[in-house]
Number of protein chains: 2
Amino acid sequence: MTGGHTVAAFDAELARLHQIIVIMGRRVEEQFAAALQAIAERDAGKAARVIEGDAEIDRLELELEALSVRLLALRQPMAKDLRDIVSALKIASNLERMGDFAGSVAKRAVTLAGLPVEPPVASLSWMGETVLGMIRDVVAAYDGQDAERAMAVRNRDGQVDAAYTSLFREFLTYMMESPAQITGCTHLLFVAKSIERAGDHATNVAENICYIVQGRLPSEERAKGDLSSFTVVEKE
Amino acid sequence: MTGGHTVAAFDAELARLHQIIVIMGRRVEEQFAAALQAIAERDAGKAARVIEGDAEIDRLELELEALSVRLLALRQPMAKDLRDIVSALKIASNLERMGDFAGSVAKRAVTLAGLPVEPPVASLSWMGETVLGMIRDVVAAYDGQDAERAMAVRNRDGQVDAAYTSLFREFLTYMMESPAQITGCTHLLFVAKSIERAGDHATNVAENICYIVQGRLPSEERAKGDLSSFTVVEKE
């Protein structure tokens, strides 16, 4: 298990692991962007393609898992290499969940496109764009093994949580003003929740990048801005 | 790295890994049961204890991760042992998420307890009890390394998804009938979603148990009964 030949093969396999993560991350970003467009443009056809596209991300995760287990078994890696592999497994699991959330948004987009009343989809745009930017940056941070860029992603999550809490309140008031908006706004609330959760997972990925690069998780507590669970809007 | 002494130490460490998973699983079950009681009994004090209790589950996951990484690095396990360790990491990650969902339910319970109108909390009871049973059984299946019992848990997930779809429709109608129910029913919809997601994670754990015991994931596709994303209820 030593010698230049084996080391080169191991390096190639680690590079492949890295590559799968980057491909997964870019696919997740594309899927999320398309799902948000499908919501904004009430485009059921685009949404259907996102729902179909999720299988590819799931397949990439399985490929990464199989490669990781093989690397652990055959190469018996130590220190930094072991950390890379264990982190790759965790990052892939987070990306797979983000892909699921893009699929969930797309499913709701199909329903929203068919509603007789247009729900207030524009309210989502800031939150959607912000999380899309977090996904893009965290993938770039992984690709460049850039802990500073990863930390910057993590610091944006508090704003997303705060935006979600505002949206929750806003949608409740729309529903109270007009019962015809109840179905649409309820689906939009779940869309907002999926976007917010995708932001959480981008943050998890950012923390894993810090672990890979620096050998430890970031220590300071994250600011928690999602207070929507405690939101009450009274009907006058 | 060979000899009876080292093998015994390794076995003790694997047993500790197993033990942490079982303790985590039982804590998750207790947390979920208490969160559901807090919803049913509108008991904000009980809910607050659940929210506090989540930190213990997070701590157990970190302990398990540290032990797993140490085992991978120092013991360089092969075949079944490697599978056990990688699966333990995945199961712990699922249990940690289930603990988060219990915490989410508890946060909503605090809000629901304070509402002037009592929302239709009783509608949740079947779904809550079913998922609680799935959690209990999947922990027992892990403890007994019982793939058959794990598969039985997985087969119940379709019923939970179907129940969630019915509830989604039911809560939309309550909201349309009475705007005073909008805030409460919206929170209950998210509670129902958290319960349904906990069921999904119990199913993931069940699949990982099959992988540990049989060396492969169950092949047949799971029945997908959650159609709530596509639910539309029209206001007449």
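Below you will find a few notes about this structure. What you see is a predicted model, and the numbers here were worked out from it, not measured in a lab. (Residues numbered from 1 in each chain as written. Chains lettered and ligands numbered in written order. Predicted model: local features only at pLDDT ≥ 70, side-chain atom pairs only at ≥ 80, totals over all residues. Heavy atoms only, no water.)

The subject of this paragraph is the pattern of salt bridges. Across all of its chains, the model carries 34 salt bridges over all chains by this definition. In this structure, the salt-bridge partner of Lys-80 of chain B is Asp-84 of chain B, at a minimum N-O distance of 2.9 Å. With Lys-80 of chain B and Asp-84 of chain B both in helix H3 (residues 79-113) and 4 residues apart, this pair spans about one turn of that helix. Here Lys-80 of chain B falls in the partly exposed class, since its relative accessible area comes to 35%. Relative accessible area serves as the criterion here: at 18%, Asp-84 of chain B is assigned to the buried category. Residues Arg-154 of chain B and Glu-207 of chain B are paired through a salt bridge, measuring 2.9 Å at the closest nitrogen-oxygen approach. One end of the pair, Arg-154 of chain B, is in helix H5 (residues 147-177); the other, Glu-207 of chain B, is in helix H6 (residues 182-214), with 53 residues separating them in the sequence. Grouping residues by exposure puts Arg-154 of chain B and Glu-207 of chain B together as buried. A single salt-bridge network, built from bridges that share partners, covers Arg-16, Glu-56, Arg-59 and Glu-63 of chain A. (Salt bridge = Lys/Arg side-chain N within 4 Å of Asp/Glu carboxyl O. Helix = DSSP H or I, 4+ residues; strand = E, 2+ residues; numbered from the N terminus. Buried < 20%, exposed > 50% of the residue type's maximum accessible area, 1.4 Å probe, protein only.)

Residue and element names in this part refer to chain A. In this fold, Asn-94 is placed in helix H3 (residues 79-113). Given the relative accessible area of 9%, Asn-94 is considered buried. Discounting chain neighbours no more than four positions away, the residues touching Asn-94 are His-201, Asn-204, Val-205 and Asn-208. (Contact = heavy atoms within 4.5 Å.)

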